[in-house]
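Reading the structure
Listed below are the residues making up each chain.
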Amino acid sequence: MAKVMKWGETVKVLLDVGFVSDQFELDSDSISSELDGDYVLDGATDFVDITEYVTSVNINRGRATQLDAFNAGNCSIVADDKASGRQFDPLNTDSDWYQGSLGIAPKRQVRVFGGSAGTAAMFSGYLFDMNIDYAEPQLSSAAITAVDALAQISQTTLVGFTPSSELTSARVNTILNRSEVAWSTALRSIATGQATCGTVAYEDATNALAALQAVQFAEDGRLFANRSGLLEFDPRVSVSFGTAVASLGGTAVGAIPILSLSNLYGAETVVNRASVQISGGTVSSIANGTASQAEYGIKNFSLTDIPLATQAAGSALAENLVGRFSEPVVKFNEATVLVNMLTAAQQEQIAALEIGDILTVTRVFESGAPLTVTQDVVVESIQHRLSPARHEVNIGLGQVQLLTPFILDTSKLDAANVALT
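Counting of residues starts from 1 at the beginning of each chain's written sequence and follows it residue by residue. Under the rules for a predicted model, residues below a pLDDT of 70 receive no local features and side-chain atom pairs below 80 are neither given nor counted, while totals for whole chains, interfaces and linings still include all residues. No hydrogens and no water enter the side-chain calculation; it runs on all heavy atoms of the structure.

On to the overall build of the protein chain, then. Broken down by element type, the protein chain carries seven helices and 26 strands. Relative to its full complement of 421 residues, the protein chain shows a buried share of 46%. Contacts are assigned to residue pairs with any non-hydrogen atoms lying within 4.5 Å of each other. Within the protein chain, contacts between residues at least 6 apart in sequence are counted, and of these 67% link residues at least 24 apart. Per-residue and other accessible areas follow the Shrake-Rupley method at a 1.4 Å probe size, with only the shown protein chains counted as cover for residues. When the accessible surface of the protein chain is split by element, carbon and sulfur atoms take 50% of a total near 20,100 Å². A run of DSSP states H or I qualifies as a helix once it reaches four residues; a run of E qualifies as a strand once it reaches two. Both are numbered from the N-terminal end. Categorising residues by exposure relies on relative accessible area from a 1.4 Å probe, with only protein chains included: less than 20% of the type maximum marks a residue as buried, more than 50% marks it as exposed, and the intermediate range marks it as partly exposed.

Omega for the peptide link from E136 to P137 comes to 0°, which places this bond in the cis form. Tracing the backbone through its elements, the reader meets P137 in the loop between β7 (120–135) and β8 (139–147). Across the junction of A369 and P370, the peptide omega takes the value -5°, indicating a cis bond. Structurally, the position occupied by P370 is in the loop between β22 (358–364) and β23 (372–386). Phi at K107 takes a positive value of approximately 80°, unusual for a residue other than glycine. Positive phi, normally seen in glycine, also occurs at A205, with a value near 70°. Relative to the helices and strands, A205 resides in the loop between β12 (196–197) and β13 (206–207). Overall, the relative accessible area of 56% leaves A205 in the exposed class.

Let us look at helix α4 (residues 208–219). Think of an α-helix as turning once every 3.6 residues; residues three or four places apart then point the same way. Taking 1.5 Å of rise per residue, twelve residues should cover 16 Å, and α4 covers 17 Å from first to last C-alpha, within 8% of that figure. The buried count for α4 comes to ten of twelve residues, which makes it a mostly enclosed element. The residue sitting at the N-terminus of α4 and contributing the capping side-chain oxygen is N207; that oxygen lies 2.9 Å from the backbone nitrogen of L209. Immediately downstream of α4, the backbone of D220 shows phi near 60°, a positive value. Working rule for helices: expected span equals 1.5 Å times residues minus one. We define a polar contact as two N or O atoms separated by no more than 3.5 Å, with the added condition that, inside protein, one atom must be a possible hydrogen donor and the other a possible acceptor, whereas residues neighbouring each other in sequence contribute only through side-chain atom pairs.

Considering every residue of the protein chain, the mean pLDDT works out to 90; 88% of them sit at 70 or more. Each residue gets a pLDDT score, which is the predictor's confidence in that residue and runs from 0 to 100. Low pLDDT (under 50) marks residues 28–35, which in the prediction has six contacts with non-local residues, meaning those over four places away or in another chain. In this model, residues 37–44 is a region of pLDDT below 50 whose contacts with residues beyond four sequence positions or in other chains number 18 contacts.

Its place among the elements puts S95 in the loop between β5 (71–80) and β6 (109–114). Engagement of the side chain of S95 in a polar contact is seen with the backbone oxygen of Q87, the distance being 2.8 Å. Ignoring anything within four residues of it in the chain, the contact list for S95 reads R86, Q87 and L102.

The three strands are arranged β11-β15-β14 in an open sheet whose pairing can be described as mixed. Whereas interior strands pair on both sides, the edge strands pair on one side only; in this sheet they are β11 (188–190) and β14 (222–225). For this sheet, the mean inter-axis angle between neighbouring strands, taken without regard to orientation, is 10°. Between N-to-C directions, angles cover 0 to 180 degrees, with each direction set by a line fitted to C-alpha atoms, over the stretch in contact for helices. Along the sheet, helix α3 (residues 168–177) contacts β11, β14 and β15 (231–234); its crossing angle with β11, the most-contacted strand, is approximately 155°. Of the strands in this sheet, β14 and β15 touch α4, which is tilted by about 25° from β15. Here, strands pair whenever DSSP counts at least two bridges between them.

So, about the sheet that holds strand β18 (residues 273–278). What the three strands build is an open sheet, ordered β19-β18-β20; its pairing is mixed. Where the open sheet ends on each side, the last strands, each with one partner, are β19 (285–288) and β20 (300–306). For this sheet, the mean inter-axis angle between neighbouring strands, taken without regard to orientation, is 10°. Strand direction decides the pairing type here: β18 and β19, joined by four bridges, are antiparallel. Counterpart to R273 in the pairing with β19 is N288. Where helix α6 (residues 311–325) meets the sheet, its contacts fall on β18, β19 and β20, and the angle it forms with β18 comes to roughly 155°.

Rendered as structure tokens:
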């Protein structure tokens, strides 16, 4: 059953055991409990609720910086196997989840929910590994590792083919539609891209995830597995026209309190020389921020084999990167929130937080000037650390410039925060 934690949050951990788990069985010796419980005539789900046995959950999703590809997300769960009656143990043929073999197997789905009602998805992925650790006297625990859609796709290689010239979003779908990938359309959320990919052939045995990540770089967008398990592709401009979904820190009504906050400022944030080599090209397009180079030295960032259609598109991408990152920016780069401190509404906001969401973050100081600093930032990574005593969330943050769509006869042509969508 879902569990209400001592701070009021409801947590639920579900595990696919490979067969219908809630079916009413005629002549069962537990018929009274089944009739009064959650069982239905034909059964409805392959998932069992293992929350009561779970002792910890750790979730990691996202990327380290805005110049990186997204890593495969993972979720680590520890469960008390002894308390479950050795239900998790593949050696226990008496387990309710054993039908010729243990139903818990690689690629079975794993889902974790949180928030005030236990309905906000925090992770949805696939079982990768489960180990049973035995300790005396007669103790045992199950260590479960799950991974997300990116990890699943990374295990697939492409058969060589030559695609048509198409938008980046179409190229993502083209790769996912390949018979050797066959990623369900129900498990995608692909927004229309801005850049165009070319017709250069993909070689045999090209890793499917690597091919998709190259499209992400071509778009300068995002490609990740979201908290509900969908493979999501966002174009480069989507976040610029967004609005904040929550406020962290400060004294505003409803603002989520911050346990800790850090900022990043230095040469590691600077890119003042970008080179982009498009697929099939022999010469890289290079953009230089000469003023930045004179001030901070040359800080290079290179992309190779990027599937853009033209050299001009490669040049535009290089210029865009230098334009965004040629000057060091003091930005909040990580915030930690303790869910134990939050109201029910705030718990719901944190549990539902997604990569690409915009946040308004405020830090109030006791001295110096200004005494209050507020920044708009975008979520680049999310880590949940959940135990019976606390739920701590680390949120990796990136820089963003929010723009207002240009409105004819209303917007000013020279306004710095207005742009065409």
